[in-house]
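# Secondary and tertiary structure notes
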Amino acid sequence: MIGLISATAAGAAARDRLAAAWPDRTRVYEGPAGEAVRAAFAECERLVCFLATGATVRLLAPLLGDKAADPGVVCVDEGGRFAVSLIGGHGGGANELAYEVAELLGAEPVVTTATDAVGLAGLDTLGLPVEGAVAAVSRALLDGEPVALAAELAWPLPPVPFAGQGAYTVRLTDRDVQAGPDEVLLRPPSLVVGVGASKGAPVEEVLGLIEEALREAGLSVRSVAELATVDAKSEEPGIVAAAERLGVPLVTYPADELAAVTVPNPSDAPLAAVGTPSVAEAAALRRGGELLVPKRKSAATPAMATCAVVRRPGRGRLAVVGIGPGARDLVTPRAAAELRRASVLVGLDQYVDQIRDLIRPGTRVLESGLGAEEERARTAVAEARQGHAVALIGSGDAGVYAMASPALAEASDDIDVVGVPGVTAALAAGAVLGAPLGHDHVSISLSDLHTPWEVIERRVRAAAEADIVVTFYNPRSRGRDWQLPKALAVLAGHREPETPVGVVRNASRPDESVRLTTLAQLDPATVDMMTVVTVGNTATRNIAGRMVTPRGYRWQHAPEEPQ
């Protein structure tokens, strides 16, 4: 919950804007500012104070304890010009909140955390438990000193400019080791603990068994990702409470699924009790991995709990990102976030140039020229299979005549795939033309590089006969100068010569050009590969210089009601 505190009418107005925008995330604290700050500090994860920074600092000073536990605080000035991340930038989430508040209020975010200021991913923002010399290693990264990554297992990390070797080290490990004086430990959630228990097994016995098994195997409890068991034990109090105390989810599986898992230590007792010869080992191994700790029983007499530990390999992550038609403000926040998250970026060189300033230091960029789509798709998938966090970029929406299709055709279920939608060229062109896509519409690529012309022509003819608005992608190039005239001729057989046609070149880019013409007057020679051509249907009209397709046909011909 985000606590909102203000002391003046102007502050209250801005406060209420946040409260209205985030009704489920915020709570307004009324009354004197001092009392409101104290109450919100005790009850909320984050605070937004519409107060002077000096006043906010004085109110917060007596309340500050541990930066790992204190809420993050953002301070907004009386004029609503700045959203200042005051305390808890990383751990308390104040940096992220400052950007959100600034965007909503039209203010300028002020973030002074050193790593954020230079675009580095903070070691405490990588999404993994971190321990050791975080401040010293972060300083070394900021100063450009070599910091080595010692990864004991593959895991999809965000970008950090690691070196091959150096005096400072970031160690990615699930082993129970202590950090050295110039070392940071990152704990990946790589361990799955399978658990079985008799009815009424106390939580102390279940939890004690788990902790003992991890300790004797030299594994860190901070790398436990989940507890797993059979469905029949989904509400067993001792197991449920153990998961809660460890702060991990409890995952359950049907008995028949666990019975199909091959395990080294099956038993007749669980088979008779819950329908599977193994609970702990089978549940831990259900989704694959390496069995590090075979089934073991608790030390109590009689033993009421069993557990097994599996190391599950890190899954690479492939984000297929649409970066929009070219304008920076048409790159979505989600796309920008994925670009910052990726440690490997794959894309066409000219598209990489468009978003290069959004790429964080340490990101490995693999760019290539035109005509290498399949190679880029294979490269992106291969990098993800090696355990990296990969962003594969495409213009517009990556799923529309772009990189999503070849990438997903190459990918299998051994990696995680995320699609990030983008603004398409058709939408960008439609917006500057007016409203040409107000009714049914279709996009057709006129490039016959991968699709036979006979197929393309059949699709154009179907759109013509169905009276659907058509947007042509890849309409004409130096080597393909006859396809557009042929497609227009097909449409002309079903539409009047005066049918509006919109021609937009470099939609949303600085050299954007827009022309509204007709089907009879369009000169194909004025069109190239950077152009989108939108041909209206029989209802499309030129209204005040804008191309408009009504949402329906009936309203155009409906009789006027008497006044």
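Given the structure is predicted, the values throughout are model-derived calculations rather than measurements. (Residues numbered from 1 in each chain as written. Predicted model: local features only at pLDDT ≥ 70, side-chain atom pairs only at ≥ 80, totals over all residues. Heavy atoms only, no water.)

### A short note on the overall build of the protein chain
- Broken down by element type, the protein chain carries 19 helices and 28 strands.
- Principal axes of the C-alpha set define a box for the protein chain whose edges measure 90 × 65 × 60 Å.
- Buried residues in the protein chain amount to 46% of all 563 residues.
- In the protein chain, once contacts between residues fewer than 6 apart in sequence are set aside, the share between residues at least 24 apart is 63%.
- As displayed, the protein chain offers around 26,500 Å² of accessible surface, 52% of which is attributable to carbon and sulfur atoms.
- Averaging the locations of the 52 positively and 69 negatively charged side chains of the protein chain gives two centres separated by 1 Å. (Helix = DSSP H or I, 4+ residues; strand = E, 2+ residues; numbered from the N terminus. Buried < 20%, exposed > 50% of the residue type's maximum accessible area, 1.4 Å probe, protein only. Contact = heavy atoms within 4.5 Å. Areas by Shrake-Rupley, 256 points an atom, 1.4 Å probe, with all protein chains shown as cover. Lys, Arg positive; Asp, Glu negative; His and termini not counted. Charge placed at Lys NZ, Arg CZ, Asp CG, Glu CD.)

### Concerning the pairing of strand 4 (residues 72-76)
- Among the five residues of strand 4, five are classified as buried, and the element is accordingly described as predominantly covered.
- Side chains of strand 4 alternate between two faces, with G72, V74 and V76 and V73 and C75 buried alike.
- Where strand 3 (residues 46-50) meets strand 4, four bridges bridge the pair, whose relative direction is parallel. Pairing of R46 across the sheet is with G72, part of strand 4. (Pairing = 2+ DSSP bridges.)

### Quick word on the sheet that holds strand 12 (residues 224-230)
- In spatial order, the strands read 13-12-11-15-14; together these five strands make up an open sheet with mixed pairing. One side of each edge strand has no neighbouring strand; the edge strands of this open sheet are strand 13 (250-253) and strand 14 (290-297). Geometrically, the sheet is characterised by an average inter-axis angle of 20 degrees between neighbouring strands, direction not taken into account.
- Contacting strand 11 (191-197), strand 12, strand 14 and strand 15 (305-311), helix 7 (residues 203-217) crosses the sheet at an angle of about 40 degrees to strand 15. (Axes fitted to C-alpha atoms, helices over the stretch in contact; angles between N-to-C directions.)

### Quick look at the pairing of strand 24 (residues 500-505)
- Buried residues dominate strand 24, accounting for five of its six residues.
- As paired elements, strand 24 and strand 25 (residues 513-518) share six bridges and run antiparallel to each other. Counted as the bridge partner of V501 is T517 from strand 25.
- The pairing of strand 24 with strand 26 (residues 531-535) spans five bridges and is classified as antiparallel. Across the sheet, V501 pairs through a bridge with V535, a residue of strand 26.

### Some details on the environment of R515
- Structurally, R515 can be placed in strand 25.
- On the basis of relative accessible area, R515 is assigned to the partly exposed category, the value being 34%.
- When sequence neighbours within four positions are dropped, the list of residues in contact with R515 reads L433, V501, G502, V503, L522 and T526.
- At a separation of 2.7 Å, a polar atom in the side chain of R515 contacts the side chain of T526. (Polar contact = N/O pair within 3.5 Å; in protein donor to acceptor, adjacent residues only side chain to side chain.)

### Some details on the pattern of salt bridges
- Under the definition given, this model contains 30 salt bridges.
- Note that R25 is salt-bridged to E100, the shortest N-O span being 3.2 Å. In this pair, R25 sits in the loop between helix 1 (9-21) and strand 2 (26-29) while E100 sits in helix 4 (residues 94-105), placing the two residues 75 residues apart along the sequence.
- Here R27 ties to E43 by a salt bridge, and the two come within 3.4 Å at their closest N and O atoms. Of this pair, R27 sits in strand 2 while E43 is found in helix 2 (residues 33-43), placing the two residues 16 residues apart along the sequence.
- One network of salt bridges, in which partners are shared, links E152, R171, R175 and E183. (Salt bridge = Lys/Arg side-chain N within 4 Å of Asp/Glu carboxyl O.)

### Re the confidence of the model for the protein chain
- Predicted confidence across the protein chain gives a mean pLDDT of 91, with 97% of residues reaching 70 or more.
- Confidence scores differ between elements of the protein chain, with helix 19 (residues 554-557) showing the lowest mean pLDDT of 54 and strand 23 (residues 469-473) the highest of 97. (pLDDT = per-residue confidence, 0-100.)

### Some words on the side chain of K233
- Mapped onto the elements of the fold, K233 is located in the loop between strand 12 and helix 8 (237-246).
- There is a polar contact of 3.0 Å between the side chain of K233 and the backbone oxygen of A197.
- In this structure K233 touches A197, S198, K199, I239 and V274, once residues within four positions along its chain are discounted.

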